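In case you want the letters, here they are:
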Amino acid sequence: FKIAGHSVKLHPTFGKHLKKAVDDAIAAGAVKASQITSIGGGRLTETQIYLRIRYGCGANYTEIMTAASTDKCSTPAAQPTKSNHEVGLATDVAGILTSGGTGAAMEAGSVARQSPFFKWLKKNVHGKDLYGNIKGWLRKEPWHWSWNGG
């Protein structure tokens, strides 16, 4: 898929919904394509393992592979083989939705959460064709959108 100028490899149905959402948000004036610096596509299991190590999700192989994101991870990261990213059913939209860095973007009242793009997605897309991670520990990432909220 070509979305906001970025080539992205996603599940066909999810990719179609994401492309429509971003195109509609641009058409509505909620975001400019230049405010979207990248759109993450499918992710290898090896990359998921790397992220779990980077985010401190465990001190050994067993913890990295099995600990829940809420137990130790500084940033939520699903267990390897259980991430929607690994099958192209989730994406991370960087730029305005990660403004100030991911740590800052997760805070209530952040530039990302107050952006017209995030508000538009919440109002027009969340719970219909895409689900955003909007509340709770696992749902603090305004940049993360998936087919089921996970």
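About the thresholds
Residues numbered from 1 in each chain as written. Predicted model: local features only at pLDDT ≥ 70, side-chain atom pairs only at ≥ 80, totals over all residues. Heavy atoms only, no water. Core = buried A, V, L, I, M, F, W, Y, C linked by side-chain atoms within 4.5 Å. Buried < 20%, exposed > 50% of the residue type's maximum accessible area, 1.4 Å probe, protein only. Helix = DSSP H or I, 4+ residues; strand = E, 2+ residues; numbered from the N terminus. Contact = heavy atoms within 4.5 Å. Pairing = 2+ DSSP bridges. Axes fitted to C-alpha atoms, helices over the stretch in contact; angles between N-to-C directions. Phe/Tyr/Trp six-rings, centres within 6.5 Å; stacked < 30°, edge-to-face > 60°. Arc of directions from axis to C-beta.

*Asks:* Tell me about the nonpolar core, and name the residues and values.
*Replies:* The biggest cluster of nonpolar side chains holds 28 residues, and the ones touching the most others in it are I36, L97, F117 and L121. Of all the secondary structure elements, the ones that give two or more residues to this core are α1 (12–27), β3 (36–39) and α7 (116–124). Sort the elements by how many residues they give to this core and α1 lands first, with 5 residues. Those residues in contact with I36 that sit more than four places away from it in its chain are A4, H6, V22, V31, V93, A94 and F117.

*Asks:* Please give an account of the sheet that holds strand β4 (residues 90–95) that cites residues and values.
*Replies:* Hydrogen bonds along the backbone pair up the strands of a sheet, which may run parallel or antiparallel. Strand order in the open sheet formed by 4 strands is β3-β4-β6-β5, and the pairing between neighbours is antiparallel. The two strands at the open ends of the sheet, each matched to only one other strand, are β3 and β5 (131–132). Here β5 pairs with strand β6 (residues 144–146) via 2 bridges, running antiparallel. Across the sheet, the residue bridging to Y131 is S146, located in β6. Strands β3, β4 and β6 of the sheet are contacted by α1, whose axis makes an angle of about 30 degrees with β4.

*Asks:* Quick rundown of the pairing of β4? Include the residues and the values.
*Replies:* In summary, the side chains of a regular strand alternate between the two faces of the sheet. Burial analysis of β4 places 6 of its 6 residues in the buried class, the great majority of the element. Residue alternation in β4 divides its side chains into two sets, A90, D92 and A94 and T91, V93 and G95, and both sets are buried. Taken together, the 3 bridges between β3 and β4 define a ladder with antiparallel strand orientation. By the bridge assignment, I39 is partnered in β4 with V93.

*Asks:* Talk me through the packing of aromatic side chains; I want residue IDs and the actual numbers.
*Replies:* A full pass over the atoms with the stated rule returns 1 aromatic pair. Aromatic pair F118 and W145: ring centres 6.4 Å apart, planes at 65 degrees, arrangement edge-to-face. With F118 in helix α7 and W145 in strand β6, the pair connects residues that are 27 residues apart, well separated along the chain. Classification of W145 as buried rests on a relative accessible area of 1%.

*Asks:* I'd like to hear about α7, residue by residue, with values.
*Replies:* Buried within α7 we find F117, F118, W120 and L121. Buried positions in α7, seen along its axis, are confined to an arc of 160 degrees and lie on one side of it. Opposite its buried face, α7 presents the exposed residues P116 and K123, each directed more than 90 degrees away. Contacts from the buried residues of α7 go to α1, β3, β4, α6 (111–114) and β6.

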